[in-house]
Amino acid sequence: MSEADRRRPSQLRRTLRAALRHWERHELVDAAELLLTELVTNALRHASAPTVNVRVAHLDSHLKIEVNDGTPRGPLAGSSSPDAEHGRGLFIVDAVADAWGVSEDRTTVWCTLPLTEGTFDMATPQIVREQIMAFDANPNSSGSARVWARSALTILAWPGPVHVATDVLYVLVTNAFEHGLPAGSGRSVRVALRLTDRDELLVDVEDHTPDFPAFDKAVSGELGCGLWGARSHGAEVTWFPSSAGKTVRAMLQAGPVDL
């Protein structure tokens, strides 16, 4: 494997941890990271295709991890013993996963972990109203997002400080334009304001970079005052993978409204 391939499992583990935090599935982190590492490492070591695709799905009763290596043959677990130096990946998967198998076209290995009943539904707030807008990258976009947010918050009727919410959104949009739009990705970000059944405001900004390896340093202020500024406004800042790349979320509680 190349040096880039050796780094890939750790990058994917960070993304998986973020997704499990978002889904409130902290109890699955250790097992899911181990399974993902074994399947991805096996694919990188043995696949002949130039790419390896990973999919993690939170389903009704289980978490499913799929690794497609483009090779039309399924890996077999029978050739190595559990104490062999190499080739133990699928023995580990068999021991840790609730179930595992190979797709019909023999290119994808999958495994599942059972979910603790009720945890996800209880922990996840329900969205009751939302406003969504996309902003292209230009010098005025962050300011335009702030203006749009004031109107959107009026429509949502959020019972909280609008000036704080607009400041937080401005920070997240600016950060996305500066750090979340790699060359050739499409120069726009998607912004959503979502009101939950608990009167929490979710400020979601989606960009085109799928990872956030320095997230902890960013929110602590070690890499600048952007996300730290959102946090200092009282926002709970997190991130998680999304269809385009990743979403950075700031959650604000209801409170005194602007007069």
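Coordinates for the structure precede this section.
All figures in this text were calculated on a predicted structure; none of them were measured in a lab.

Secondary structure summary: the protein contains 8 helices and 9 strands in total. Long-range pairs, those at least 24 residues apart, make up 63% of the contacts in the protein between residues at least 6 apart in sequence.

Attention shifts here to the pattern of salt bridges. According to the stated counting rule, one finds 11 salt bridges in the structure shown. Among the salt bridges present, the one from Glu66 reaches Arg55, with a minimum N-O distance of 3.6 Å. Of the two residues, Glu66 is situated in strand S2 (residues 62-68) and Arg55 in strand S1 (residues 53-58); the sequence distance between them amounts to 11 residues. On the basis of relative accessibility, which here comes to 18%, the residue Glu66 falls in the buried class. Put simply, Asp207 and Lys246 hold a salt bridge, and the shortest N to O gap is 3.2 Å. Placement of the pair is Asp207 in strand S7 (residues 201-207) and Lys246 in strand S9 (residues 246-252), with a sequence separation of 39 residues. Of the two residues, Asp207 and Lys246, neither departs from the other in class, the shared state being buried. Each of Glu130, Arg194, Asp204 and Arg249 takes part in salt bridges that share partners, so that together they form one network.

Here we take up the sheet that holds strand S5 (residues 127-136). Sheet strands line up and pair through hydrogen bonds in the backbone, either parallel or antiparallel. Taken in spatial order, the 5 strands of this open sheet run S5-S6-S7-S9-S8, and their pairing is antiparallel. Each edge of the sheet is formed by a strand with only one pairing partner; in this case those strands are S5 and strand S8 (236-241). On average, each strand axis in the sheet is tilted by 20 degrees relative to the strand beside it, whichever way the strands run. Where strand S6 (residues 188-196) lies against S7, 6 bridges are found, and the strand directions are antiparallel.

Inspection of the secondary structure puts Thr107 in the loop between strand S3 (99-102) and strand S4 (108-114). We classify Thr107 as buried; its relative accessible area is 11%. Leave out the neighbours within four places in its chain, and Thr107 touches Val67, Asn68, Asp69, Gly70, Thr71 and Pro72.

Turning our eyes to something else, we now look at the pairing of S8. Direction of pairing for S8 relative to S9: antiparallel, over a ladder of 6 bridges. Looking at S9, one finds that Phe240 is bridged to Thr247.

A few words now on the packing of aromatic side chains. Applying the stated criterion across every chain, the model contains 3 aromatic pairs. Here the aromatic rings of Phe212 and Trp239 are separated by 6.2 Å at their centres, their planes lie at 50 degrees, and the arrangement is tilted. With Phe212 in the loop between S7 and helix H7 (215-220) and Trp239 in strand S8, the pair connects residues that are 27 residues apart, well separated along the chain. Accessibility classification places Phe212 together with Trp239 in one group, the buried group. Positioned over the ring face of Trp110 is Lys64, at 5.2 Å from the centre of the ring.

Our focus in this paragraph is the nonpolar core. One recurring pattern in soluble globular proteins is that nonpolar side chains are buried together. Membership of the largest hydrophobic core comes to 39 residues, with the highest contact counts inside it found for Leu169, Leu172, Val189, Leu193 and Leu201. Counting residues per element, the ones that place at least two in this core are helix H5 (141-156), helix H6 (162-179), S6, S7, H7, helix H8 (226-232), S8 and S9. Look past the residues within four positions of Leu172 in its chain and what remains in contact with it is Val203, Val205, Leu227, Ala230, Val248, Arg249 and Ala250. The next biggest cluster of nonpolar side chains, apart from the first, holds 23 residues, and it includes Ala32, Leu44, Leu63 and Leu115.

This brings us to the sheet that holds S1. One open sheet holds the 4 strands; their spatial order is S1-S2-S4-S3, and the pairing between them is antiparallel. The open sheet has two free edges, formed respectively by S1 and S3, since each of these has just one partner strand. Averaged over all pairs of adjacent strands, the angle between strand axes in this sheet comes to 15 degrees, irrespective of strand direction. In this structure, S2 lies alongside S4, joined through 7 bridges in antiparallel fashion. By the bridge assignment for S4, Glu66 is matched with Trp110. Across the sheet, helix H2 (residues 29-46) touches S1, S2 and S4, and the angle it forms with S2 is around 15 degrees.

On to the packing of H5 against H6. The N-to-C vectors of H5 and H6 enclose an angle of 145 degrees; their axes lie 9 Å apart at closest approach. Along this stretch, H5 crosses H6, giving a crossing that reads as right-handed. In this structure, H5 uses Ser141, Ser142, Gly143, Ala145, Arg146, Trp148, Ala149, Arg150 and Leu153 to contact H6, whose residues at the interface are Val162, His163, Ala165, Thr166, Asp167, Leu169, Tyr170, Val173, Thr174 and Phe177. For the contact of H5 with H6, a count of residues per class yields 10 nonpolar, 6 polar and 3 charged.

Each value, and the rule that gives it
Residues numbered from 1 in each chain as written. Predicted model: local features only at pLDDT ≥ 70, side-chain atom pairs only at ≥ 80, totals over all residues. Heavy atoms only, no water. Helix = DSSP H or I, 4+ residues; strand = E, 2+ residues; numbered from the N terminus. Contact = heavy atoms within 4.5 Å. Salt bridge = Lys/Arg side-chain N within 4 Å of Asp/Glu carboxyl O. Buried < 20%, exposed > 50% of the residue type's maximum accessible area, 1.4 Å probe, protein only. Pairing = 2+ DSSP bridges. Axes fitted to C-alpha atoms, helices over the stretch in contact; angles between N-to-C directions. Phe/Tyr/Trp six-rings, centres within 6.5 Å; stacked < 30°, edge-to-face > 60°. Lys NZ or Arg CZ within 6 Å of the ring centre and 35° of its normal. Core = buried A, V, L, I, M, F, W, Y, C linked by side-chain atoms within 4.5 Å. Left-handed = near helix turned anticlockwise from the far one by under 90°. Nonpolar A, V, L, I, M, F, W, Y, C, P; charged D, E, K, R; others polar.

Remember that the coordinates give geometry; whether it matters functionally is a separate question.
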